[in-house]
Each structure stands twice: as C-alpha cells, then as structure tokens.
Amino acid sequence: MSLEQLLAWIPPGSPDAALVRQLNPDLLPAHVAIIMDGNGRWAAKRHLPRVEGHRAGIDAVRDTVETSARLGLQVLTLWAFSVDNWKRPRSEVNTLMRLLKRYLRLELATLMTNNIRFRVIGRPDELAPDVRRELQAAEAETAGNTGMEFNIALNYGGRAEIVDAVRRVLAAGLPPEELDEERFSRYLYTAGQPDPDLLIRTSGEMRLSNFLLWQIAYSEIWVTDTLWPDFRCRHLLDAILAFQKRDRRYGGIKTPAVALGAK
Ligand code: FPP
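Reading the values: rules and limits
Residues numbered from 1 in each chain as written. Predicted model: local features only at pLDDT ≥ 70, side-chain atom pairs only at ≥ 80, totals over all residues. Heavy atoms only, no water. Salt bridge = Lys/Arg side-chain N within 4 Å of Asp/Glu carboxyl O. Helix = DSSP H or I, 4+ residues; strand = E, 2+ residues; numbered from the N terminus. Buried < 20%, exposed > 50% of the residue type's maximum accessible area, 1.4 Å probe, protein only. Core = buried A, V, L, I, M, F, W, Y, C linked by side-chain atoms within 4.5 Å. Contact = heavy atoms within 4.5 Å. Phe/Tyr/Trp six-rings, centres within 6.5 Å; stacked < 30°, edge-to-face > 60°. Lys NZ or Arg CZ within 6 Å of the ring centre and 35° of its normal. Pairing = 2+ DSSP bridges. Axes fitted to C-alpha atoms, helices over the stretch in contact; angles between N-to-C directions. Parallel < 35°, antiparallel > 145°, perpendicular 65-115°, else oblique. Left-handed = near helix turned anticlockwise from the far one by under 90°. Nonpolar A, V, L, I, M, F, W, Y, C, P; charged D, E, K, R; others polar.

Turning to the pattern of salt bridges, a few remarks are in order. Considering all chains together, one arrives at 21 salt bridges under this definition. A salt bridge links Arg50 to Glu92; the shortest N-O distance between them is 2.9 Å. Residue Arg50 is located in helix 4 (residues 50–71), and its partner Glu92 is located in helix 5 (residues 90–113); the two are separated by 42 residues in the primary sequence. Its relative accessible area of 38% is what places Arg50 among the partly exposed residues. Between Arg70 and Glu66 there is a salt bridge, with the nearest N and O atoms lying 3.3 Å from each other. Of the two residues, Arg70 and Glu66 both sit in helix 4, four residues apart, roughly one turn of that helix.

Attention now goes to the nonpolar core. As a rule of thumb, nonpolar side chains are buried together in soluble globular proteins. Of all hydrophobic cores here, the largest spans 53 residues; its most connected members are Ile34, Val65, Leu71, Phe118, Leu135, Phe150 and Ile200. In terms of residue count, helix 5 provides more of this core than any other element does, nine residues in total. Excluding residues within four positions of it along the chain, Leu135 makes contact with Leu100, Leu104, Phe118, Val120, Leu127 and Leu154. By size, the runner-up hydrophobic cluster in this structure holds 11 residues, among which are Tyr156, Tyr189, Phe211 and Leu212.

When we look at a pair of aromatic rings, we describe it by the centre distance and by the angle of the planes. Under the counting rule described, the total for this entry stands at nine aromatic pairs. For the ring pair Tyr156 and Phe211, a centre distance of 5.7 Å and an interplane angle of 85° mean the geometry is edge-to-face. With Tyr156 in strand 4 (residues 149–156) and Phe211 in the loop between strand 5 (198–201) and strand 6 (220–223), this pair connects stretches of sequence that are 55 residues apart. Between the NZ or CZ atom of Arg46 and the centre of the ring of Trp42, over which it lies, the distance is 3.9 Å.

The side chains of a regular strand alternate between both faces of the sheet. In terms of burial, strand 2 (residues 75–82) is a largely internal element, seven of the eight residues being buried. Sheet analysis places strand 1 (residues 31–35) next to strand 2, joined by five bridges and oriented parallel. Paired with Ile34 across the bridge in strand 2 is Leu78. Pairing analysis gives seven bridges linking strand 2 to strand 4, with the strands arranged parallel. Residue pairing in the sheet places Phe81 in a bridge with Leu154 of strand 4.

The subject of this paragraph is the packing of helix 4 against helix 9 (residues 233–244). As a packed pair, helix 4 and helix 9 sit with axes 9 Å apart at the nearest point and diverge in direction by 50°. By the criterion of interaxial angle, the relationship of helix 4 to helix 9 is oblique. Once helix 4 is placed against helix 9, the crossing between them reads as right-handed. Contact with helix 4, carried on its side by Asp63, Thr64, Thr67, Ser68 and Leu71, involves Cys233, Leu236, Leu237 and Ile240 of helix 9 and no other residues of that element. When grouped by side-chain class, the residues that make up the contact of helix 4 with helix 9 number five nonpolar, three polar and one charged.

Printed below as a string of structure tokens:
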C-alpha cells in the first residue's frame, strides 16, 4: 500500500491528512512495534472497571492495524499479553482472551481485505485450547496474504523468547563456531522479519518491560502520554514523523538516515 491508500481512507482536509502529507515515503519504518499500555488508567479515569479499558483498546488496535497496512509498513507488532500478565485477576485474564477471540472473528474480513498476514509470537501453547484454535484459524486463513505482517505478541516475554531460541539452537545441534548474531536471529519468534525500526509505548512509562529485547537493539523509541484506548491514526503518524527526524547511527558517525537504509 502507500500514502495514497492511506489518504483515500482519511477524511480529506482533516488534521490526519495533513500529517500524512508531511511523511517522507522513502523513510518509512519497515517494522513498528507497540507496547499498548494504559488501558487500566483509561478506565479508572472514567470510574469504569479495568476490563472496559481493554474493551476500548480494541478500537485503537483496529485503527492502528488498518493505518499501518495502508501506510505500507512491512511489519506491525502489538503486545497484547505478557508472560507476566497471568498474575492479574482471573476475570481480567478471561476477558482479555474473550476480547482477543472476538477481535479475530470480527476483524478477519478486514485483515483479508487489507492483505494482512496474521501471526502469533510468544508461547501460544500455554493458552487455552479455544483461544489457540481461534489464533490458528486466523493464521491459516491469512497465510497466503502478501501485504503487512501483523504480529500479535501473546504470552510473550523477551527473555522467554531468547531462552526458547537457545533451546532451538541446541536442539538443532548447531556447532558453537557456526553461531553468530544473524544465525541466532533465525531462531527467534520473529525469524525472517526485520527488527523494529520504531518502538512505541503509550501511557508515558519509560520502560521496555521485557519486550523484544533482542530485536530492539537499534530501535528508535517514542513514548507518548496518550493512553492506549485513545491512540489513533494521528498518534501513529506523529510517531513516524518524529522517527523520520532522528539520526540513526548504529554506533557509527552521523550519516543521513536514508543512506543507512533505515526504511
Ligand atoms: C496494558 O494496559 C494492556 C494490556 C495488558 C492488554 C492489551 C490488550 C488490548 C488492547 C485488548 C486486546 C488486544 C487485541 C490485539 C485484540 P494495562 O492494563 O496494564 O493498563 P494500566 O497500566 O493503566 O493498568
């Protein structure tokens, strides 16, 4: 897709359309990863139960996925459930799983229309069988799509991912001298995908919280005070515009980002 595809979807003359026109189409991030945070605070501000924040967060997911696909991102990764989120009350965990299933059922058509390939990263084997079935169905249905790859990080932890990769390396019997960074990355959940160029975190927290620890080594980080349920197209565009102003040096010296292939 392209900036034109996005403009066709945004009301003409709107502030969002003005933001799209400021984007440099040659400097788009290939992979954007998002820590969706602040659902609980969004609900608390409205004197609502926490789960209402998660429910409202679905609208932000919908908007972000479609904006990203129309923009032509290669990969979008959203963190929906961490390996530590099992510590939450069972009712909240159950609601999150129910919302996820409902999202997949309702949004499958949109994923197909936008040529999006859906993929789960994390430890899905530890999820309930009905959730796994729904996830596998969405992965299978979208497997032939050739547009944006949409990763949903579920039962995901960055350290767990590295441990899982080491287990796979050992199981493959790879001789230690043949292991290097590029080879190791083929054993990660994100094998075959570019590392995130841009990591977004909502709700103002300045933490990585065990997200994509290997892959974000050189990512640009953008934090917004906006709570996840309020996150929309314009916030993503703001983040990408800020990204396009950064100098990415990868430990080298100052060079125009475009020359470093940071797209
Ligand atoms: C963090 O907010 C958010 C989560 C742990 C879950 C994110 C889930 C969704 C947006 C809904 C389901 C997702 C998909 C992809 C269908 P928090 O609860 O930690 O908020 P707080 O820090 O304000 O308490």
